[in-house]
Amino acid sequence: MTAQYQVQDGVAVITLDNPPVNGLGHSTRLGIVEGMTRALDDAAVKAIVITGAGKAFSGGADIREFNTPKAMQEPTLHSVIRVLEASTKPVVAAVHSVAMGGGLELALGCNYRVASKGAQIALPEVKLGLLPGAGGTQRLPRVIGLEAAANMIVSGTAVPSEKFAGTKLFDEIVDGDVLPAAIKFAQNVGAASGPHPKVRDLKVRHENAEGYLGFARNTVAAMAKNFPAPLKCLEAVAGSLKPFEQGLKQEREGFLFLVTTPESRALRHAFFGERAASKIPDVPEGTPVRKIEKVAVIGAGTMGGGISMNFLNAGIPVTILETKQEALDRGVGIIRKNYENSAKKGKLTQEKVEQRMGLLSTTLSYDDIKDADMVIEAVFEEMGVKETVFKKLDEVMKQGAILASNTSTLDVNKIASFTKRPQDVVGMHFFSPANVMKLLEVVRGDKTGKDVLATVMQVAKKIKKTAVVSGVCDGFIGNRMIEQYSRQAGYLLDEGALPEQVDKAIEKFGFAMGPFRMGDLAGNDIGWAIRKRRAVDKPDIQYSKTADLLCEMGRFGQKTGAGWYDYKAGDRKPYPNQQVNDMIVQHSKDLGLTRRKISDEEIVERLVFALVNEGAKILEEGIASKASDIDMVYLTGYGFPLFRGGPMLYADQVGLYNVALAMKRYAKGYHGEAWQVAPLLQKLADEGKGFNG
């Protein structure tokens, strides 16, 4: 049983005890009902207190039981709350630390609520594409008012308990330990004759409910765009104006509708995918980790500076090494400027700016970084440069230091071979801007130690990154897949599309940025350098020549004010360029191709299915250990639309049979050799299965 029972001075105390956040799993729900039965049968008990052990009252549903029969096994949370409301003895919730989702709904089912200051209160179900399903949309408006409840439920934001002082949500808010205060409160109400208040009996009052709801509907519809849950949450809250049972029925219908939507499936997939990414099949929990108290970064450029900021933000001292003082000064100046800008926007205090800058030191000598626990190389992306750096690191770094490379495509095994300690070498591929982007690809070399992997995953959490483990291959997970996406984008230009149509089609699908705008932002010269390298390494891979022709025109992107599009000073908006479009049309002629009208649907299918097919190969080769890891890479690093859940989940929702069918159709067209269906994709399609089970 994950709920404890004891009696103190005539008060039964039921303590939820299901670490880490006292999730309301079946065993815990059962424990509450059994505790209630014992308390009601004991004549010596005059009142009941429900609280949570450890660092939470309750964080809501037990996520370990999601999608299992136990989640809906009686007693459900609805049944538990009915038991509380039917109690002949007063029930007091002693709320502390965290009361979220079902945890808050449980507290709302009690007669009284006592809270400690600073407890985080929320109904965050909207973030999973759902709405509170155990009466939260009906009871919360009854205690804090229609507008406040609508704001909380539609946004899913946590609010500290003291903000509810003076409302009916909490009868008392106390400093310090809430349990003794709740027991005292329970003794007092237990001594008084009933009946005791029930939230369900309160009326929701608002001077102009219809006017407010009309305004709120328009606002939410405009902001929620591709997500149905926020509007359904609002409608459920509007139901609180009806008699309680009617409103509850409306809430239930809304919940059952949302749980089947592809958007909710996508959000839940992302939620679980993020947690699953930190689990590496052959690196068990409890694997020893190394202490990381000092970090060194090689290179003070854009990446080196951004990487350093992640550690400074987490309170970890950083030493940046460069070859020239001017490069150091410039890099440190940019870091300071970034922090000063955050301070101007009110996101950081000046004191915090100085505190973080105080953790930063610089050097021109390897000797000054030899005692660092981890060193991250962020130098030019060329194997000869990496070789020089890693040979030097091998020479000077202390034993047990982790030697990491921020390479985005190069062979981590080869980099490790430049040292006599390949077990300490790992890839840590940050995404630009490194201080903003959430994704961190952790590249596991053949000889990377398990303790090194476990340490890097722990460090990633500390610096607030979503870390995904990749095996060694050209481009790892993200860049290897994006190459196929970019190839298709180029072929579309050869066949009849223009950059603006391609970008608009994929942006309408939900991508943050289309391939040509993305190229302009990253710098078209980077892709040019990669294609030149590919021409030597993999001469059989064909690309559209349009991107090379663009670079030959000197149009490298935003940094030169001209790429696939034109850019004006201080304006990142892309303006189509006639000269570029003429070059594309002329190139089709030179190839002897008759340009054709291409639909937006074809553009989206070819770009997304190119990602999916390469993703299937990556899974089959064991480069990624699970499909959700690939989805996390694309959701957190490449602007794939969250409401679609990532390329692999999107393919599952379309149906792998349909995906394979479309690929075979494209295989008959221009550069059809790019559409060989990955064996894993074909196998799963034949079996009627998906990548995500």
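Reading the values: rules and limits
Residues numbered from 1 in each chain as written. Predicted model: local features only at pLDDT ≥ 70, side-chain atom pairs only at ≥ 80, totals over all residues. Heavy atoms only, no water. Helix = DSSP H or I, 4+ residues; strand = E, 2+ residues; numbered from the N terminus. Rg over C-alpha atoms; globule rule 2.2 N^0.38 Å. Buried < 20%, exposed > 50% of the residue type's maximum accessible area, 1.4 Å probe, protein only. Contact = heavy atoms within 4.5 Å. Areas by Shrake-Rupley, 256 points an atom, 1.4 Å probe, with all protein chains shown as cover. Lys, Arg positive; Asp, Glu negative; His and termini not counted. Charge placed at Lys NZ, Arg CZ, Asp CG, Glu CD. UniProt positions renumbered as here; feature names shortened; annotations may be inferred. Domains from an automatic or database assignment. Phe/Tyr/Trp six-rings, centres within 6.5 Å; stacked < 30°, edge-to-face > 60°. Pairing = 2+ DSSP bridges. Right-handed = clockwise from strand over helix to strand, strands pointing away. Salt bridge = Lys/Arg side-chain N within 4 Å of Asp/Glu carboxyl O. Core = buried A, V, L, I, M, F, W, Y, C linked by side-chain atoms within 4.5 Å. Axes fitted to C-alpha atoms, helices over the stretch in contact; angles between N-to-C directions. Parallel < 35°, antiparallel > 145°, perpendicular 65-115°, else oblique. Nonpolar A, V, L, I, M, F, W, Y, C, P; charged D, E, K, R; others polar.

1. Notes on the overall build of the protein
- Along its length, the protein carries 27 helices and 19 strands.
- For 693 residues, the compact-globule estimate of 2.2 N^0.38 gives 26 Å, and the protein sits close to it at 29 Å.
- Referenced to the eigenvectors of the C-alpha coordinate spread, the extents of the protein come out at roughly 90 × 60 × 50 Å.
- A total of 693 residues make up the protein; the buried ones form 54% of that total.
- Counting only contacts in the protein whose residues sit at least 6 apart along the sequence, the fraction spanning at least 24 positions is 73%.
- For the protein, the exposed area adds up to about 30300 Å²; of that, 54% sits on carbon and sulfur atoms.
- Separation between the mean location of the 87 positive side-chain charges and that of the 80 negative ones in the protein comes to 2 Å.

2. Thoughts on the UniProt feature "domain: 3-hydroxyacyl-CoA dehydrogenase NAD binding" (unreviewed entry) in the protein
- Here, the residues flagged by UniProt with the feature "domain: 3-hydroxyacyl-CoA dehydrogenase NAD binding" (unreviewed entry) are residues 294-470.
- The span residues 294-470 carries 42% helix and 20% strand; its end-to-end C-alpha distance comes to 25 Å.

3. Focus on the domain arrangement of the protein
- The assigned domain composition of the protein is domain 1 (3-259), domain 2 (295-472) and domain 3 (478-687).
- Computed over C-alpha atoms only, the centres of domain 1 and domain 2 are separated by 44 Å.

4. Here we look at the packing of aromatic side chains
- Under the criterion given, the structure shown has 15 aromatic pairs.
- Ring centres 5.5 Å apart and planes at 75° place the aromatic pair F431 and Y638 in the edge-to-face group. You can see F431 sitting in the loop between strand 15 (425-430) and strand 16 (439-443) and its partner Y638 sitting in the loop between helix 24 (627-637) and helix 25 (647-654), a full 207 residues away along the chain. Y638 matches F431 in its accessibility class, with the two residues each being buried.
- Between the aromatic rings of Y491 and Y670, the centroid separation amounts to 5.6 Å while the plane-to-plane angle is 80°, which identifies the pairing as edge-to-face. On the criterion of sequence distance, the pair formed by Y491 in helix 17 (residues 478-495) and Y670 in the loop between helix 26 (656-666) and helix 27 (679-686) is long-range, its members being 179 residues apart.

5. Concerning the pairing of strand 3 (residues 47-52)
- Of all the six residues making up strand 3, six are buried; the element is thus mostly covered by neighbouring parts of the structure.
- With burial as the criterion, each face of strand 3 is covered, one bearing A47, V49 and T51 and the other bearing I48, I50 and G52.
- Relative to strand 3, strand 2 (residues 11-16) runs parallel, the two sharing six bridges. By the bridge assignment, T15 is partnered in strand 3 with T51.
- Viewed along the sheet, the connection from strand 2 through helix 1 (residues 26-41) into strand 3 turns out right-handed.
- In this region the chain leaves strand 3, passes through helix 2 (residues 77-85) and returns to the parallel neighbour strand 4 (residues 91-95); the handedness of that crossover is right-handed.

6. A short note on the UniProt feature "domain: 3-hydroxyacyl-CoA dehydrogenase C-terminal" (unreviewed entry) in the protein
- Look at the UniProt record and you will see "domain: 3-hydroxyacyl-CoA dehydrogenase C-terminal" (unreviewed entry) annotated at residues 475-567 and 603-689.
- Counting secondary structure, residues 475-567 comes out at 62% helix and 3% strand; the distance between its end C-alpha atoms is 29 Å.
- Along residues 603-689 the backbone is 64% helical and 0% strand, and the end-to-end C-alpha distance reaches 26 Å.

7. Focus: unusual backbone geometry
- Omega for the peptide link from E74 to P75 comes to 0°, which places this bond in the cis form.
- Mapped onto the elements of the fold, P75 is located in the loop between strand 3 and helix 2.
- Of note, the amide linkage connecting S432 to P433 takes the cis form, showing an omega dihedral of -5°.
- Looking at where P433 falls in the secondary structure, it is placed in the loop between strand 15 and strand 16.
- One non-glycine residue with positive phi stands out, namely S97, at about 60°.

8. A closer look at the pattern of salt bridges
- Under the criterion given, the structure shown has 37 salt bridges.
- Close ionic contact of D175 with K117 constitutes a salt bridge, the shortest N to O distance being 3.6 Å. Here the residue D175 occupies a position in the loop between strand 9 (172-174) and helix 6 (178-191), and K117 occupies one in the loop between strand 6 (112-116) and strand 7 (120-122), the gap between them amounting to 58 residues.
- With relative accessibility at 60%, the residue D175 sits in the exposed group.
- Across the pair D548 and R531 runs a salt bridge, and its minimum N-O distance is 2.8 Å. Of the two residues, D548 sits in helix 21 (residues 546-552) while R531 sits in helix 20 (residues 524-537), which places them 17 residues apart along the sequence.
- Classification of R531 by relative accessible area gives buried; the value is 16%.

9. Some points on the nonpolar core
- Of all hydrophobic cores here, the largest spans 67 residues; its most connected members are I477, W564, V608, F640, L681 and F691.
- A per-element tally of this core places helix 23 (residues 600-620) first, with 11 residues.
- Taken domain by domain, the makeup of this core includes at least three residues from each of domain 2 (295-472) and domain 3 (478-687).
- Apart from the residues within four sequence positions on either side, I477 is in contact with E441, V468, V469, S470, I618, I623, A624, I630 and V633.

10. Looking at the sheet that holds strand 17 (residues 466-470)
- Reading across from one edge, 12-11-10-13-14-15-16-17 is the order of the eight strands in this open sheet, with mixed pairing throughout. Strands at the two margins of the open sheet, each flanked by one partner only, are strand 12 (360-363) and strand 17. Averaged over all pairs of adjacent strands, the angle between their axes in this sheet comes to 25°, without regard to strand direction.
- Sheet topology note: the strand 10 (residues 295-298)/strand 13 (residues 374-377) ladder contains four bridges and is parallel. Within the sheet, the bridge partner assigned to V297 lies in strand 13 and is I376.
- Lying over the sheet, helix 16 (residues 450-462) contacts strand 13, strand 14 (402-405), strand 15, strand 16 and strand 17, oriented at roughly 175° with respect to strand 16.

11. Thoughts on the side chain of E263
- As for its placement among the helices and strands, E263 is situated in helix 10 (residues 262-277).
- The side chain of E263 is buried and forms no salt bridge, while R644, the nearest opposite charge, is found at 6.7 Å.
- Not counting residues up to four positions away in its chain, the partners in contact with E263 are N226, P228 and F643.

12. What to know about the packing of helix 25 against helix 26
- Two numbers describe how helix 25 lies on helix 26: the axes approach to 6 Å, and their chain directions differ by 100°. For the element pair helix 25 / helix 26, the angle class is roughly perpendicular. Only L656, N658 and V659 of helix 26 make contact with helix 25, whose side of the interface consists of A651, D652 and V654.
- Counted by class, the contact of helix 25 with helix 26 contains four nonpolar, one polar and one charged residues.

13. Side note on helix 2
- In terms of burial, helix 2 is largely enclosed, as seven of its nine residues are buried.
- For helix 2, the full list of buried residues reads L77, H78, S79, V80, I81, L84 and E85.

14. Quick word on the sheet that holds strand 5 (residues 98-100)
- Spatial strand order, 5-7-8: three strands in an open sheet with mixed pairing. This sheet does not close on itself; its edge strands, each paired only once, are strand 5 and strand 8 (159-160).

15. Observations regarding the side chain of E377
- Relative to the elements of secondary structure, E377 occurs in strand 13.
- Overall, E377 belongs to the buried group, its relative accessible area being 0%.
- If near-sequence neighbours (up to four positions away) are discounted, E377 is found in contact with I298, K386, V389, F390, A404, S405 and N406.

16. Re the pairing of strand 6
- Within strand 6, five of the five residues are buried, which leaves the element mostly enclosed by the surrounding structure.
- In terms of strand pairing, strand 4 meets strand 6 through four bridges, oriented parallel. Across the sheet, residue A94 finds its bridge partner in strand 6, namely V114.
- Sheet topology note: the strand 6/strand 9 ladder contains three bridges and is parallel. The partner of A115 across the bridge, within strand 9, is I173.

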